[in-house]
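Observations on the model geometry
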Amino acid sequence: RKALIIARVLGATSLEMSDVQVEPLFPASMQELSVPEFLQMLPGLDDEWREKVSNARSRTKILRYAARIERVDDAQALKCTVGLVEVDAGAPLGQLNGTDNLIEIRSRVYSEQPLVIRGPGAGVECTANGVLADMFEIALF
């Protein structure tokens, strides 16, 4: 949802959640399971994930689950995708820890070295501040 919001701010006002291409972290067959059933099936994914991690490490990369917003063509259309990516451990996304969020902006101006905005993405204080800010905004209208 965060990527969709950013894409809309960038001008893709007609983009809907159904337009976002999402690569899930687990098979579709597990989506409808109850929580206990899901947890019971989870160890069955260990070998697959070990292989993904091992393959990334063999290329001196690490895995991150990330959203990407990019121009489709020169017509200003935007595409939003979410999925597993391999990144260098020393890259900003590779250094991300815990609940932090990161936005990496590449543009004509920031082509060689992207502009990086990083900060807490979740937690009690962040969420409370966001809700409070929304309440103030609503009260002012």
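Residues numbered from 1 in each chain as written. Predicted model: local features only at pLDDT ≥ 70, side-chain atom pairs only at ≥ 80, totals over all residues. Heavy atoms only, no water.

Here we take up the sheet that holds strand β2 (residues 61-71). Whether parallel or antiparallel, the strands of a sheet pair through hydrogen bonds between backbone atoms. A sheet is described by the order of its strands in space; here three strands give the open sequence β1-β3-β2, paired in mixed fashion. Looking at the sheet topology across the chains shown, the edges are occupied by β1 (21-22) and β2. Across two bridges, β1 lies against strand β3 (residues 78-88) in parallel orientation. By the bridge assignment, Val22 is partnered in β3 with Val82. The sheet contacts of helix α1 (residues 2-9) involve β2 and β3, and relative to β2 the element is tilted by about 30°. Contacts from helix α3 (residues 46-58) reach β2 and β3 within the one sheet, and its direction differs from that of β2 by about 85°. (Pairing = 2+ DSSP bridges. Helix = DSSP H or I, 4+ residues; strand = E, 2+ residues; numbered from the N terminus. Contact = heavy atoms within 4.5 Å. Axes fitted to C-alpha atoms, helices over the stretch in contact; angles between N-to-C directions.)

Another point: the layout of surface pockets. Reported here for the largest pocket is a volume of approximately 1,900 Å³. Along its surface, the largest pocket is lined by 49 residues, and Ala67, Arg68, Ile69, Ile103 and Glu104 are the ones closest to its centre. Top contributing element to the lining of the largest pocket by residue count: β3, with nine residues. When the residues that make up the lining of the largest pocket are grouped by side-chain class, the tally is 26 nonpolar, eight polar and 15 charged. (1 Å grid on protein atoms, 1.4 Å probe; cavity = no way out; pocket = protein on both sides within 12 Å on 5 of 7 lines; lining within 4 Å. Points joined across faces, edges and corners; volume = space filled by probe spheres on them. Nonpolar A, V, L, I, M, F, W, Y, C, P; charged D, E, K, R; others polar.)

To continue, consider the nonpolar core. The biggest cluster of nonpolar side chains holds nine residues, and these are Ala3, Leu4, Ala7, Ala12, Leu15, Val20, Leu78, Cys80 and Val82. Breaking this core down by element, the ones donating at least two residues are α1 and β3. If we ignore the near neighbours within four places in the chain, the residues touching Leu4 are Leu15, Glu16, Met17, Val20 and Cys80. Core analysis: the second largest hydrophobic core is formed by five residues, Ala66, Val87, Leu93 and Leu96 among them. (Core = buried A, V, L, I, M, F, W, Y, C linked by side-chain atoms within 4.5 Å. Buried < 20%, exposed > 50% of the residue type's maximum accessible area, 1.4 Å probe, protein only.)

Residue Thr60 is not a glycine yet carries a positive backbone phi of 55°. Here Thr60 shows up in the loop between α3 and β2.

If you walk through the whole model with that rule in mind, you get nine salt bridges. Notably, a salt bridge pairs Arg50 with Asp47, separated by 3.2 Å at the nearest N-O pair. Within this pair, Arg50 and its partner Asp47 are both found in helix α3, separated by three residues, close to a single helical turn. In this structure, the salt-bridge partner of Glu104 is Arg106, at a minimum N-O distance of 3.1 Å. (Salt bridge = Lys/Arg side-chain N within 4 Å of Asp/Glu carboxyl O.)

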